[in-house]
Amino acid sequence: MKRVIIDQERCKGCGLCAQVCPRKILILSNMVNISGYHPVQCTDDEMCMGCANCATVCPVTAFEIYKPMPVVVAS
């Protein structure tokens, strides 16, 4: 399940998110977005732990973070 979604058109390629990622799975891509920036990309969605450090430091709110919710079964 994908845990991090990055709006690559909103991203300005500042790299702050890559600096705070504890798993070091965020890198600046070679692609250029419509604004002329190299947006960040996640190299391994499965390694993302959903800590939301990237979303917290992002000045343009380019991140959506999803954490799987535990299923509680009443007995």
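You'll find the structure just up there.
The present account deals with the structure reproduced in this document. Quick caveat, the model's predicted, so the values are computed rather than measured. Starting afresh in each chain, residues are numbered from 1 along the sequence in its written order. A pLDDT threshold of at least 70 governs which residues receive local features in this predicted model, and a stricter bar of 80 or more applies before side-chain atom pairs are shown or counted, although totals over entire chains, interfaces and linings include all residues. Where side-chain values are given, they derive from all heavy atoms of the structure, hydrogens and water being excluded.

1. Side note on empty space enclosed by the protein
Rolled over the atoms, a probe as big as a water molecule pinpoints where empty space is left. Using a grid of 1 Å spacing that covers the protein atoms alone, one calls a set of points a cavity when a 1.4 Å probe fits there but cannot get out, and a pocket when the set is open and has protein on both sides within 12 Å along at least five of seven lines; lining residues are those with an atom within 4 Å of a point. Grid points are joined across faces, edges and corners, and a volume is the space filled by probe spheres set on the points. According to the stated counting rule, one finds two cavities of 30 Å³ or more in the structure shown. Taken as a whole, the largest cavity encloses approximately 110 Å³ of empty space. Along the wall of the largest cavity there are 14 residues; nearest its centre are Cys 21, Ile 25, Cys 48, Cys 51 and Cys 54. Each residue is assigned to one of three groups, with Ala, Val, Leu, Ile, Met, Phe, Trp, Tyr, Cys and Pro labelled nonpolar, Asp, Glu, Lys and Arg labelled charged, and all others, Gly among them, labelled polar. Residues of the lining of the largest cavity, tallied by class, amount to eleven nonpolar, two polar and one charged.

2. Topic: the environment of Thr 56
In this text, helices come from DSSP runs of H or I with a minimum length of four residues, and strands from runs of E with a minimum of two, each type numbered from the N-terminal end. Mapping Thr 56 onto the fold places it in helix 2 (residues 53–57). Along the sequence, Thr 56 and Cys 17 sit 39 residues apart, while their C-alpha atoms lie 8.4 Å from each other. Polar contact criterion, stated in full: a pair of N or O atoms within 3.5 Å, where within protein one must be able to donate a hydrogen and the other to accept it, and residues adjacent in sequence count only if both atoms are side-chain atoms. Among the polar contacts made by the side chain of Thr 56, one reaches the main-chain carbonyl oxygen of Ala 52 at a distance of 2.8 Å.

3. Some words on the state of the cysteines
The disulfide criterion is simple: two cysteine sulfur atoms within 2.5 Å. According to the stated counting rule, one finds zero disulfides in the structure shown. This cysteine, Cys 17, is not joined by any disulfide, and Cys 14 carries the nearest cysteine sulfur, 6.0 Å off. Free cysteine: Cys 42, not disulfide-bonded; nearest cysteine sulfur from Cys 48 at 5.8 Å. Exposure is judged per residue with a 1.4 Å probe applied to protein chains only, and the accessible area is read against the type maximum: over 50% gives exposed, under 20% gives buried, and values in between give partly exposed. The buried category is assigned to Cys 42, whose relative accessible area is 19%.

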